[in-house]
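# Results of the structural survey
Residues per chain, in single letters:
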Amino acid sequence: MSATIIILGATGDLTARYLLPAIGQLVERDLLDQDVRLVGVADDDHDDASFRAHVEASLTDHAPKVAAEARAAVVGRSSYVRGDVTDPATLTAALAEHGGSPDPVVLYLALPHVLFLRVISALGQVDRPESLRVVVEKPFGRDLAGARELNAALAEVLDEDQVFRVDHFLAKQTVLNIIGLRFANRVLEPLWSRDQVESIDIVFDETVDAQARAAYFDRSGALRDMVQNHLLQMLTLIAMEPPRSLDPQDLSARKVEVLRAVRTLTRDDVDQHTVRARYTAGTVSRNGDTRQVGAYVDAPGVDPARGIETYTEVTLHLDTPRWQGVPFRLRTGKALGLDRREVVVHFRPLEDSVFPGADANELRLELDPDQMWLSVNINGMGDPFDLETVAMGIELPRQAPTPYGQLILAILDGDTRLSARAHEAEEAWRIVEPILAGWADGASPLVEYAAGSDGPPSAVRAPTEVSEALPAAEQS
Ligand code: BG6
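Right, let's walk through the structure included here. Sequence positions are assigned chain by chain, starting from 1 and proceeding in written order. For this predicted model, a pLDDT threshold of at least 70 governs which residues receive local features, and a threshold of 80 or more governs which side-chain atom pairs are given and counted, while totals over whole chains, interfaces and linings are taken from all residues. Water and hydrogen atoms were dropped before computing side-chain values, which therefore reflect all heavy atoms in the structure.

Surveying the vicinity of the ligand reveals the residues Tyr 18, Lys 138, His 168, Phe 169, Lys 172, Phe 204, Glu 206, Arg 213, Asp 225, Met 226, His 230 and Lys 334. Within the side chain of Tyr 18, an N or O atom sits 3.2 Å from an oxygen atom of the ligand. His 168 is positioned such that a nitrogen or oxygen atom in its side chain is 2.8 Å from an oxygen atom of the ligand. Where accessible areas are quoted, they stem from the Shrake-Rupley method and a 1.4 Å probe; at the residue level, only the protein chains shown are allowed to cover. Computed on the free molecule, the ligand has an accessible area of 400 Å², of which 82% lies beneath the protein chains in the complex. Residues are counted as near a molecule or strand when any one of their heavy atoms sits within 4 Å of it. Nitrogen and oxygen atoms within 3.5 Å of one another constitute a polar contact, given that in protein one can donate a hydrogen and the other can accept it, and given that sequence-neighbouring residues count only through two side-chain atoms.

Structure, rendered in structure tokens:
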């Protein structure tokens, strides 16, 4: 497939770390033609040649494994438009680069969110190609009013099908697998309700700290950065009713239903069922690598008085017949002791079993590395009437193309299913706003945890001990 990809904010971190490597990987795999045009737009002092050098350096740093030929193709097809991204003249110059070709033209807003409205308004003043797709990164506004305003501005200029409010979690293979697992198998869906499920945890604990991004993070916090978008999107796929089809509208309608069904938290709920915390100095180890992390409040760009959380936990309830009474615990944080990224479905324990006290089954869907497994109790090893809990599961190969690569392919295909539609973004803010308001009012006061620790006391359950895997069958 060929295309013109215009990146507004082409010299920024997102472009270097995620977009350029993804484009390189797509070209390498022939998923994108070598003649794809890449138009970088920013205010920095570049011309085509120096921008190409920048693209080359970014690919060398962040995509060293992409074949040299593919990298060279991306570099060779790059051009630069210098200007203010909120100026219609800049957008006109950038859009002119597609040269009237009927191939898709992507306008990717890899920009601070405060610029989104002004860019959309400028876009309304220029000639737009029919094949235009506009990509808006997160955060989609800072609150419900902001999200509504942005949606209204987008709707004035574009059809909803041209708008991609991307959420790269939707392109992660384990997140995508939720739909197949649930709706392409007979065995799980009959168990997928309050009758059999006791609670569900959606966990995204990270060892990475917020030091390097503190200037951004301190205006966001874990709730806005991770829960409003990524974790609530995961919740929609876990909790949705079967969609009528996999069409974007049908899927989105089911997702919106889930978000609408999330009970609005009262101030008391916020006090009792949310946690907000930030890390103090500590030692974080990852893959044998140990590093000292300073206190969040000492990171450059942080104003401790803002009381921004680097960790949050929120328990939500869905008022639907399927999920009444089942807590959904969402938890995420930075500079924690372990990378734990997973959805855990805790099934109810058995009643009246001949094996009293048997562990309840758990289904774990883990991300990065992607694996899924179901814990089951068996009794055939050792003492025949002693139970052992083992894992039945599979580890999936590393995802390729990367989630950002998948996103770009979907955008070029005009497929909005890896993005949030307008109402999803608004409903997610509807859920998050009362939490922000409660916190601003002093509910659930900010607590601290040491970097490298398990975080503050949490309602999310620690992983159950199981044997690593079923022993290999013996050959007879
Ligand atoms: C981003 C958040 O959207 O997702 C980061 O802003 C977070 O804070 C990141 O670390 C996690 O995603 P991934 O794919 O990089 O693990």
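There's plenty left to go through after this.
The next thing to look at is a negative patch on the surface. A grouping of Asp 43, Asp 44, Asp 84 and Asp 87 is seen on the molecular surface, where their side chains present a negatively charged patch. Strands are runs of DSSP state E lasting at least 2 residues, helices are runs of H or I lasting at least 4, and numbering of each runs from the N terminus. Position of Asp 84 among the secondary structure elements: in the loop between β3 (78–82) and α4 (88–96). Taking the relative accessible area as the measure of exposure, Asp 84 reaches 37% and is therefore partly exposed. Residues enter a patch when their relative accessible area is above 30% and they make no salt bridge; the linking distance is 9 Å between like charges and 5 Å between nonpolar side chains (Val, Leu, Ile, Met, Phe, Trp, Tyr). When a carboxyl oxygen of Asp or Glu is within 4 Å of a side-chain nitrogen of Lys or Arg, the pair counts as a salt bridge. His is not counted here, nor are the chain ends, while Lys and Arg score as positive and Asp and Glu score as negative. In plain terms, the charge of a residue is placed at NZ if it is Lys, CZ if Arg, CG if Asp and CD if Glu. Burial classification: accessible surface area is computed with a 1.4 Å probe over protein chains only, and a residue below 20% of its type maximum counts as buried, one above 50% as exposed, and the rest as partly exposed.

Here the focus is the sheet that holds strand β8 (residues 274–280). Strands are labelled as partners when DSSP assigns at least two bridges between them. The mixed open sheet is built from nine strands, whose spatial order is β16-β15-β14-β13-β7-β12-β11-β8-β18. Pairing within the sheet leaves two strands with one partner each, and these edge strands are β16 (388–395) and β18 (447–450). Across the sheet, the axes of successive neighbouring strands diverge by a mean angle of 20°, strand direction being ignored. By the bridge criterion, six bridges tie strand β11 (residues 311–316) to strand β12 (residues 328–333) in an arrangement that is antiparallel. Bridging across to β12, Leu 316 finds its partner in Phe 328. Its contacts with the sheet put helix α7 (residues 173–183) on β14 (362–366) and β15 (371–378), and the angle it makes with β14 is roughly 140°. Every angle, taken between N-to-C directions, lies between 0 and 180 degrees, and every axis is a line fitted to C-alpha atoms, over only the stretch in contact when it is a helix. Residues are treated as being in contact if the distance between any of their heavy atoms lies within 4.5 Å.

Glancing now at the environment of Gly 99. One can find Gly 99 in the loop between α4 and β4 (105–109). For Gly 99, a relative accessible area of 62% corresponds to the exposed category. In the structure, Gly 99 is positioned 77 residues away from Ala 22 in sequence and 24 Å away in space, judged by C-alpha atoms.

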